[in-house]
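Secondary and tertiary structure notes
Spelled out from the first residue to the last, the chains are:
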Amino acid sequence: MNPNAIGVFDSGLGGLTAMKELCRIMPHENIVYFGDTSRVPYGTRSADTIIRYARQDLNFLSGFDIKAALVACGTISAVALDSIKDDYPFPIIGVIDSAAAAAVSASQNGRIGIIGTPATVKSGAYERSISAADPDCRTISIACPLFVPLVENGHISPDDPLTKGAIELYLSKLLDFEPDTIILGCTHYPIIAKAISNFVGVDIRLIDPGKEAALAICRLLSLNGLTNDSGPAKRSFYVSDSTENFETYGGIFMGRSINGEVHKIDIEKY
Ligand code: DGL
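Here's a quick rundown of the structure. (Residues numbered from 1 in each chain as written. Predicted model: local features only at pLDDT ≥ 70, side-chain atom pairs only at ≥ 80, totals over all residues. Heavy atoms only, no water.)

Observations concerning the pairing of strand β7 (residues 181-184)
Looking down a regular strand, the side chains alternate between one sheet face and the other. Side chains T181 and I183 of β7 all project onto a buried face; the interleaved residues I182 and L184 project onto the opposite face, where all are buried too. Alignment of strand β5 (residues 111-116) against β7, held across four bridges, turns out to be parallel. Paired with G113 across the strands is I182, a residue of β7. Note that the unit made of β7, helix α10 (residues 193-200) and strand β8 (residues 205-207) has a crossover that is right-handed. (Buried < 20%, exposed > 50% of the residue type's maximum accessible area, 1.4 Å probe, protein only. Helix = DSSP H or I, 4+ residues; strand = E, 2+ residues; numbered from the N terminus. Pairing = 2+ DSSP bridges. Right-handed = clockwise from strand over helix to strand, strands pointing away.)

Next up, the structure:
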């Protein structure tokens with residue numbers, strides 16, 4: 001029998017941006033989600049630590065009947081994916097290339113802003129991918145380390161004063177560059193996309209990497225004849241810390257209650 005589930009993982013809530021899109025476009029797929037909530041944030045850590053965490057996350061997901069994994073985390077995709085992707089028997093897709101391609105095709109003026117975690121910005125991964133897709137595009141990259149803790153702690157309303165303050169702090173400089181497209185280069189950021197859009201203006205196109213990567217994995221599975229096209233789908237959520245925050249804020253973002261569907265595991269065992 002063919003392997004059956006898509007594995008999706010992130011340091012916390014951010015990967016739900018990919019999960020939500022996957023559930024929409026692939027309604028018959030079984031999906032297992034892991035959020036490493038006991039160790040979030042990843043984006044302020046060293047490359048060695050991010051690689052070690054990413055391996056543990058994938059080792060955990062490997063215990064399911066996985067046919068492909070989606071690294072729904074800009075930080076792991078930028079810093080760890082190349083080192084680990086050949087060590088697993090299923091294809092593993094990151095978020096960088098599909099988001100870079102979407103930004104290049106959306107931009108009219110060839111000026112693309114990239115915001116992400118410190119580790120992602122330091123890696124230069126989005127710039128490399130954009131320049132491979134279109135060497136004429138110009139980019140500016142800004143690290144926004146406060147965004148992930150704000151999202152994980154539920155500051156996700158567009159009117160939240162702390163979130164609005166952090167957005168102004170980080171993004172004022174970005175606007176001086178006059179981009180017409182911004183990559184929300186950490187998967188947590190689309191959760192506060194409305195607040196970001198309110199600040200930068202609706203004319204600037206925001207690229208959601210989780211969403212683009214969900215489309216990419218859907219194409220990959222279709223090309224390889226690995227899609228489930230009928231039958232009920234099972235969705236499971238696992239976290240490495242208390243389930244409460246994840247259920248509350250994850251449920252708000254997913255647009256449905258996930259209470260009782262989230263399970264806690266000990267990631268240090270993997
Ligand atoms: N959502 C992740 C990303 O896309 C991780 C953020 C973090 O843990 O710092 O980068």
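Focus: the sheet that holds strand β3 (residues 66-71)
The strand order across the open sheet built from six strands is β4-β3-β1-β2-β9-β10, with neighbouring strands paired in parallel fashion. Because the sheet does not close on itself, it has two edges, and the strands there are β4 (92-93) and β10 (262-264). Pairing between β3 and β4: two bridges, direction parallel. Residue pairing across strands places A69 opposite I92, the latter belonging to β4. Here helix α1 (residues 16-25) sits on the sheet and contacts β1 (5-10), β2 (30-35), β3 and β9 (235-239); the angle it forms with β2, its principal contact strand, is near 170 degrees. Across the sheet, helix α11 (residues 209-223) lies against β1, β3 and β4, angled at about 155 degrees from β3, the strand it touches most. (Contact = heavy atoms within 4.5 Å. Axes fitted to C-alpha atoms, helices over the stretch in contact; angles between N-to-C directions.)

As for the nonpolar core
Core analysis: the largest hydrophobic core is formed by 98 residues, its most contacted members being I115, F147 and I196. Aside from chain neighbours lying at most four places away, what touches I196 is I115, F147, I167, L171, L184, Y189 and L206. (Core = buried A, V, L, I, M, F, W, Y, C linked by side-chain atoms within 4.5 Å.)

Notes on α11
For α11, which comprises 15 residues, the first-to-last C-alpha distance of 21 Å matches the rise-based estimate of 21 Å (1.5 Å per residue) to within 8%. Where α11 ends, the next residue or the one after it, G225, has phi of about 60 degrees, a positive value. (Expected span 1.5 Å × (residues − 1).)

A word on the packing of helix α9 (residues 161-176) against α10
Direction vectors running N to C along α9 and α10 enclose 50 degrees, while the axes themselves pass 10 Å from each other. The angle between the axes of α9 and α10 places the two elements in the oblique class. Crossing geometry of α9 relative to α10 is assigned as right-handed. Between α9 and α10, the residues in contact are T163, I167, E168, L171, S172 and L175 and A195, I196, F199 and V200, respectively. (Parallel < 35°, antiparallel > 145°, perpendicular 65-115°, else oblique. Left-handed = near helix turned anticlockwise from the far one by under 90°.)

What about the site of the ligand?
As a structural note, the neighbourhood of the ligand is formed by 14 residues, with S11, Y42, G74, T75 and H188 the closest of them. The separation between an oxygen atom of the ligand and a polar main-chain atom of G43 is 2.7 Å. Measuring from an oxygen atom of the ligand, one finds a backbone N or O atom of T187 at 2.8 Å. Calculation on the ligand without its partners gives an accessible area of 300 Å², and the protein chains cover 99% of this total. Class assignment for the residues of the shell around the ligand results in six nonpolar, seven polar and one charged. (Near = heavy atom within 4 Å. Polar contact = N/O pair within 3.5 Å; in protein donor to acceptor, adjacent residues only side chain to side chain. Areas by Shrake-Rupley, 256 points an atom, 1.4 Å probe, with all protein chains shown as cover. Nonpolar A, V, L, I, M, F, W, Y, C, P; charged D, E, K, R; others polar.)

Quick look at the packing of aromatic side chains
On inspection of all chains with the given rule, the structure shows twelve aromatic pairs. Taken together, a centroid distance of 5.7 Å and an interplanar angle of 40 degrees make the contact between Y33 and F246 tilted. Here Y33 is found in strand β2, whereas its partner F246 is found in helix α12 (residues 243-254), with 213 residues between them in sequence. Given the relative accessible area of 0%, Y33 is considered buried. (Phe/Tyr/Trp six-rings, centres within 6.5 Å; stacked < 30°, edge-to-face > 60°.)

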